[in-house]
Amino acid sequence: MQRGNVRIECSGDEIVLALLSIIQITNPAMLRAGSDGFAVDLTSLEKKPQLSPDELLLVRLHEDFAAGGDAGPYPIELSPAEATRLCTALEILARARQWPADMERLNDNLRSRLQN
């Protein structure tokens, strides 16, 4: 039996964490220093004739973030494959370095919600 789509509402911190995790495994060079901290530069994706599943997920998360405004929450709907891929990306990001306890809790909470 196939699991249905995963629908969750993310806080601003959670969607930024999701974006960072997908950028980390897709192309870390897309993360640029900006005036407000960091910015996502999707220019390299605009030039590609076909995007990989990770790149498509990155674009969708970026669009969800942009559509949510400053306040959030940010509703996202993911296919089972996308939810699994995002969980994997979050795990990779969590192992990449030592994170503060609040960031670890945020990552764990988001992964838990994606798996349910």
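Report on the accompanying structure. This one's a predicted model, so the numbers in the text were calculated from it and none came from an experiment.

The rules behind these values
- Residues numbered from 1 in each chain as written.
- Predicted model: local features only at pLDDT ≥ 70, side-chain atom pairs only at ≥ 80, totals over all residues.
- Heavy atoms only, no water.
- Helix = DSSP H or I, 4+ residues; strand = E, 2+ residues; numbered from the N terminus.
- Expected span 1.5 Å × (residues − 1).
- Contact = heavy atoms within 4.5 Å.
- Salt bridge = Lys/Arg side-chain N within 4 Å of Asp/Glu carboxyl O.
- Buried < 20%, exposed > 50% of the residue type's maximum accessible area, 1.4 Å probe, protein only.

1. Thoughts on helix 3 (residues 53–67)
Line of reasoning, step 1. With 15 residues, helix 3 should cover 21 Å at 1.5 Å per step; its first-to-last C-alpha distance of 21 Å lies within 8% of that length.
Line of reasoning, step 2. Summarising the contacts, the buried residues of helix 3 are in contact with helix 1 (12–26), helix 2 (43–46), strand 4 (74–78) and helix 4 (80–96).
Line of reasoning, step 3. Looking one or two places after helix 3, you find Gly69, whose phi comes out positive at around 70°.

2. Overview of the pattern of salt bridges
Line of reasoning, step 1. Inspection of the entire model under this criterion finds seven salt bridges.
Line of reasoning, step 2. Arg7 is the partner of Glu77 in a salt bridge, and the nearest nitrogen-oxygen pair spans 3.2 Å. Taken together, the positions of Glu77 in strand 4 and Arg7 in strand 1 (residues 6–10) put the pair 70 residues apart, joining distant regions of the chain.
Line of reasoning, step 3. Overall, the relative accessible area of 31% leaves Glu77 in the partly exposed class.
Line of reasoning, step 4. The partner of Arg111 in a salt bridge is Asp108, and the shortest N-O contact between them spans 2.5 Å. Taken together, the residues Arg111 and Asp108, both in helix 5 (residues 101–115) and three residues apart, mark about one turn of the helix.
Line of reasoning, step 5. A residue is classified by how much of its surface remains accessible, and Asp108, at 43% relative accessible area, is partly exposed.

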